[in-house]
Amino acid sequence: MLYAILGRDAPDSLERRLAARPAHLERLQALQAEGRLLLAGPLPAIDSPDPGPAGFQGSLMVVEFPALEDARAWADADPYLAAGVFAAVEVYPFRKVLPA
């Protein structure tokens, strides 16, 4: 089953985000290697692909896990959460419709 994971950044967390980014990406790359990553990326705080010092408001990941509990456990172990980048993480079942 697919799951949408939405991490919401804490205020003023850009420096922590940059420091924890390699570990965060490493986990995503492991899912990608397993064929379980549909998409992942940050949500800029402003309408720009490079928000500069404005930073990010969070991240969105769509990943495959056997069950919701597995997706939640994986999200709860994210380096961004441990580093205080994410103030909150939400996990939702996701049903891909398009593209087919």
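Here, the structure is the one placed above.
Residues numbered from 1 in each chain as written. Predicted model: local features only at pLDDT ≥ 70, side-chain atom pairs only at ≥ 80, totals over all residues. Heavy atoms only, no water.

## Some points on the pattern of salt bridges
Side-chain pairs of opposite charge can arise where the charged atoms are in close proximity.
Here is step 1: One pass over the full model with this rule turns up four salt bridges.
Here is step 2: Across the salt bridge formed by E34 and R36, the nearest N and O atoms sit 3.2 Å from each other. (Salt bridge = Lys/Arg side-chain N within 4 Å of Asp/Glu carboxyl O.)

## A look at the packing of aromatic side chains
Here is step 1: Using the criterion set out here, one finds two aromatic pairs in the structure.
Here is step 2: Ring centres of F65 and W74 lie 5.8 Å apart, and the angle between their planes is 45°; on these two criteria the pair is classed as tilted.
Here is step 3: Residue F65 is classed as buried on the basis of its relative accessible area of 6%.
Here is step 4: Between Y80 and F86, the ring centres sit 5.3 Å apart and the planes meet at 90°, which makes this aromatic pair edge-to-face. The burial state of Y80 is the same as that of F86; both residues are buried. (Phe/Tyr/Trp six-rings, centres within 6.5 Å; stacked < 30°, edge-to-face > 60°. Buried < 20%, exposed > 50% of the residue type's maximum accessible area, 1.4 Å probe, protein only.)

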